[in-house]
Amino acid sequence: MTDEIRVRFAPSPTGHFHIGTARTALFNWLFARNMGGVFVLRIEDTDSERSTREFEKSIIEDLAWLGLAWDEGPDIGGPVGPYRQSERMEAGVYKKLATDLLTTGHAYECFCTTEELGGERKKTLAEGGVSQYSGRCRNLSSDDRAQFIAEGRKPSIRFAVPESRRFAFKDVIRGRLDFEAEAFGDFIIVRQNGVPTYNFAVVVDDSQMGITHVLRGEDHLSNTAKQLMIFEALNFEPPIFGHLSMIFGPDKAKLSKRHGAASIIDYRRQGFIPEATINYLSLLGWTPASGQEILDVASLAAEFDLSRISKSPAIFDIDRLKWFNGQYIRKLDRVTLTNLVVPYLVESGFVKPEDTADEFNRLTRIVEASQTSLEVLADIKECAKIFGEIKFSADVAERLAEDRAQKVIKVFISFMTEAETVNKDEAKDLIRAAADKLKEDGFKGKEIFQTTRLALTGTLSGPELFYIIFGLGPKETKRKLENCVS
Ligand code: GLU
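Owing to the predicted nature of the structure, the values given are computational and were not obtained by experimental measurement.

Draft legend 1. Summary view of the pattern of salt bridges. For the coordinates displayed, the defined rule picks out 45 salt bridges. Between K424 and E368 there is a salt bridge; the shortest N-O distance is 2.4 Å. In this pair, K424 sits in helix α18 (residues 424-440) while E368 sits in helix α14 (residues 360-370), placing the two residues 56 residues apart along the sequence. A relative accessible area of 28% means that K424 is categorised as partly exposed. Residue R479 is joined to E389 by a salt bridge in which the shortest nitrogen-to-oxygen separation is 2.7 Å. Pair noted here: R479 is in helix α21 (residues 474-482) and E389 is in the loop between α15 (380-384) and α16 (394-401), with a separation of 90 residues, a long-range link. A relative accessible area of 31% places R479 in the partly exposed class. With relative accessibility at 61%, the residue E389 sits in the exposed group. Residues joined by salt bridges that share partners form a network here, namely R8, R42, E44, R88, D205 and D206.

If you want it as structure tokens, here you go:
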């Protein structure tokens, strides 16, 4: 093997791609990119009841959407494939090594039935013990085995956990960690149906795929312990491990939907953009040496450093993520942003699908006028409303019907042209001219601008007035104002 750094992202396709898993994928990816290493995508689909190709597809799509390109994987192949555990199983990869472990005495066949194991477990717990496999089948005589086979029992294969042994390893994030092997009962590595368990398959694959570093959540620490024992029994060099702290909500509780935490696919739908999501996720447990917060992907990859990953839990705050997203939205040019928001405008009925091309220029102006108000792309649905037909509340209608308001509206109408569009400076000039005229007649700025804003949008909040006229264009502004004349 060369000195090449090889990491992997190994999702189980049993659900959508989650924020925590995405952070794990990202840290592995950033580490690989920083070190000029290889990022492997491996699909852990041995649980055939819960794994589906739909979830696999959805995870792969989200990973691609985030921009975390993989160098080897089920779709693109690579030198150490196949990259789906189900295919590796069919190729007999795990069976061979399980047999080796049986031969060397590091594993044994266990004939216990589920009922027997359940009974044993209940008894131990009732006696106040720790539920662990008793090791009943560890030393079966050949007669016992023959008897079980004659009864039609199918064995699973259990790993024989070494007795009186302490294992230690250096975690790149948490420092030296150790554990007593006996804290684990002999665990199953191949089920009765011949399917390898997660811990066994991972050791085989990480080893055969030449994985040098494994970064994953600290909820995997007890798995790492089991895996280290298997690595030793197979005489394989273990990778270097780093366990990332958990992600909590702002209330320090385990992250859940309650905190706005969702699947990547949900964030996509709400209109988070990948660059912002990546930037925010990178700061969940890692701080760049530069102390800068807004960092594009290339800078993140250049700065990423395992030694700056924190041991303390990370806090996921949806409002912070939105803030990041807003910052990235502001940086987009208006054509790019318009293309991104068109689906939302179609969804809200602001524009008909067949009109999006013809209306594109108008939409870019509305988008530009709304740009600083958007935190997620879907916010455009609300922001665009003021550029459509407005239904005034009774209060607003009453206020606009007052004489002074009518005067403001009429003066503005007189300054509007028949032009479809104006640029922002021209929009400012139109406003200034109308306002100057009204000021001569004793009107104050506040009254002028509030009235015009109300007449055009029905509300006092929203983008600056010149942006509203820029978004609407003089002709449409005039039409809207004329509708307010009583
Ligand atoms: N398939 C495992 C999971 O999704 C991977 C864990 C690991 O990185 O080893 O949790």
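Draft legend 2. Representation of the site of the ligand. Close to the ligand lie R8, A10, S12, E44, Y198, R216 and H220. A distance of 2.6 Å separates a nitrogen atom of the ligand from a polar side-chain atom of E44. For the ligand, an oxygen atom lies 3.3 Å from a polar atom in the side chain of H220. The fraction of the free accessible surface of the ligand (300 Å²) that becomes covered by protein chains is 80%. A majority-of-atoms criterion places the ligand in the largest pocket. Along the lines of polarity and charge, the residues of the shell around the ligand split into two nonpolar, two polar and three charged.

Draft legend 3. Layout of the sheet that holds strand β7 (residues 188-190). What the three strands build is an open sheet, ordered β3-β4-β7; its pairing is antiparallel. At either margin of the open sheet sits one strand with a lone partner, and together these are β3 (107-110) and β7. On average, each strand axis in the sheet is inclined to that of its neighbour by 45°, with strand direction left out of account.

Draft legend 4. Expanded view of unusual backbone geometry. Note that the residue after G81, namely P82, is joined by a cis bond; omega there is -5°. For P82, the position within the fold is in the loop between α2 (53-66) and α3 (85-90). Backbone geometry at N235 places phi at a positive 65°, although glycine is not the residue there. Here N235 lies in the loop between α8 (221-234) and β9 (240-244). For K252, which is not a glycine, the phi torsion comes out positive at approximately 70°.

The rules we used
- Residues numbered from 1 in each chain as written.
- Predicted model: local features only at pLDDT ≥ 70, side-chain atom pairs only at ≥ 80, totals over all residues.
- Heavy atoms only, no water.
- Salt bridge = Lys/Arg side-chain N within 4 Å of Asp/Glu carboxyl O.
- Helix = DSSP H or I, 4+ residues; strand = E, 2+ residues; numbered from the N terminus.
- Buried < 20%, exposed > 50% of the residue type's maximum accessible area, 1.4 Å probe, protein only.
- Near = heavy atom within 4 Å.
- Polar contact = N/O pair within 3.5 Å; in protein donor to acceptor, adjacent residues only side chain to side chain.
- Areas by Shrake-Rupley, 256 points an atom, 1.4 Å probe, with all protein chains shown as cover.
- 1 Å grid on protein atoms, 1.4 Å probe; cavity = no way out; pocket = protein on both sides within 12 Å on 5 of 7 lines; lining within 4 Å.
- Sits in = over half its atoms within 2 Å of the grid points.
- Nonpolar A, V, L, I, M, F, W, Y, C, P; charged D, E, K, R; others polar.
- Pairing = 2+ DSSP bridges.
- Axes fitted to C-alpha atoms, helices over the stretch in contact; angles between N-to-C directions.

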